[in-house]
Amino acid sequence: MLVSFVQLRPEFGNKPANIDKAISLMESKPAELYVLPELFNSGYVFTSAEELDNLAETAGDGVTFKIIRDFAQKHKCAVIYGFPEKAAEGNYNSSIFIDYHGKFRVYRKLHLFYEENLYFKPGNFQLETVDYNGAKLGMMICYDWIYPEVARILALKGAQIICHCVNLVMPYCQEAMKTRSIENRVFTITANRIGEEKRGEKGFTFTGQSQITDCAGNVLYRADVNKEEIFVADINIEDAKDKKVNNFNSLWDDRRTEYYKRLGE
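For clarity, every value in this text was computed on a predicted model and none was experimentally measured.

Asker: Describe the packing of aromatic side chains, listing the residues and the values that go with them.
Answerer: On inspection of all chains with the given rule, the structure shows 18 aromatic pairs. By way of ring pairs, the aromatic residues Tyr 44, Phe 113, Tyr 114, Tyr 143, Tyr 147, Phe 204 and Phe 206 are connected into one cluster. The residue whose ring lies beneath Arg 108 is Tyr 92, and the NZ or CZ to ring-centre distance is 3.9 Å. The ring of Phe 12 has Arg 199 sitting right over it, with the charged end atom 3.8 Å from the ring centre.

Printed below as a string of structure tokens:
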């Protein structure tokens, strides 16, 4: 399967320009699956709930969804992107899978980071996989990486590729995702943004370095710290079905679940 990340520098609040930039990069390199950054269409540094509400879109609707859906249909592919999701009870930091058949699935970020807690509601959907072209995909968003349970649950549910929409500011995640691949024998696609976003007294500098890792934790490619780019890797998804470490050990068969029962309580 040809899989890709798209690394962008979004402009806060300028959805048309951010969407156009993503479409242009995706059109430059054919792939079966594209992964875009967290909140790629809106930007990240919100200063009020009202501002977020004005930029949020209902899942399965809105200008971003319609343009990405049309792109997927035209190019016979699937796209996963991060966006602020508007719901009746509030707004979520979400990602959405959309394929060329029009099928879509939403994931809401479980673990909010820093001032996201002021504006977003914590995710309330179970971790599930989505089937696409013979592969099982899992979604997680940014700070979810620091909780190994997220990737493990997705892998136990059959995920072969973990699609990770991010706006990273800490320096640890890219290296940690190598471990997530090793401990679960899965591919990971981490799609980050670049640049500085400063609004008033608030601001972040994002780390770039989007990457794709294989099931052994090898980085197939890591992007630049401060360059907009797209990368496509040709992966064999069947590799993620083999959970053997050696002739005596299997990641799944060796689990001592009778001793894990209270974990997380």
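Asker: Tell me what's going on with unusual backbone geometry, and back it up with residues and numbers.
Answerer: Negative phi characterises most residues that are not glycine, and trans characterises most peptide bonds. Positive phi, close to 45 degrees, is recorded for Leu 39, a residue that is not glycine. Locating Leu 39 in the fold gives a position in the loop between strand E2 (33-35) and helix H2 (49-55). Given a relative accessible area of 0%, Leu 39 falls into the buried group. The backbone of Lys 76 shows a phi angle near 50 degrees, a positive value even though the residue is not glycine. Summarising the element assignment, Lys 76 is placed in the loop between helix H3 (62-75) and strand E3 (78-87).

Asker: Which residues make up the side chain of Glu 116, and what values do they have?
Answerer: Within the secondary structure, Glu 116 is located in helix H4 (residues 116-119). A distance of 2.6 Å separates polar atoms of two side chains, one belonging to Glu 116 and the other to Tyr 44. Among all residues touching Glu 116, those that are not within four sequence positions of it are Glu 38, Tyr 44, Asn 93 and Lys 109.

Asker: Lay out the sheet that holds strand E7 (residues 135-141) with the relevant residues and their values.
Answerer: Here 6 strands make up an open sheet; going across it, the order is E6-E7-E8-E9-E12-E13 and the pairing mixed. Every interior strand has two partners, whereas the edge strands, strand E6 (129-132) and strand E13 (219-222), have only one. Sheet twist, expressed as the average angle between the axes of neighbouring strands with direction ignored, equals 20 degrees. Bridge count for E6 against E7 is 4 bridges, and the pairing is antiparallel. What sits directly across from Val 130, in E7, is Leu 137. Lying on the sheet, helix H5 (residues 148-156) is in contact with E6, E7 and strand E8 (161-165); it crosses E7 at an angle near 165 degrees. Contacts from helix H6 (residues 173-184) reach E7, E8, strand E9 (187-191), strand E12 (211-213) and E13, with the element oriented near 20 degrees to E12.

About the criteria used
Residues numbered from 1 in each chain as written. Predicted model: local features only at pLDDT ≥ 70, side-chain atom pairs only at ≥ 80, totals over all residues. Heavy atoms only, no water. Phe/Tyr/Trp six-rings, centres within 6.5 Å; stacked < 30°, edge-to-face > 60°. Lys NZ or Arg CZ within 6 Å of the ring centre and 35° of its normal. Helix = DSSP H or I, 4+ residues; strand = E, 2+ residues; numbered from the N terminus. Buried < 20%, exposed > 50% of the residue type's maximum accessible area, 1.4 Å probe, protein only. Polar contact = N/O pair within 3.5 Å; in protein donor to acceptor, adjacent residues only side chain to side chain. Contact = heavy atoms within 4.5 Å. Pairing = 2+ DSSP bridges. Axes fitted to C-alpha atoms, helices over the stretch in contact; angles between N-to-C directions.

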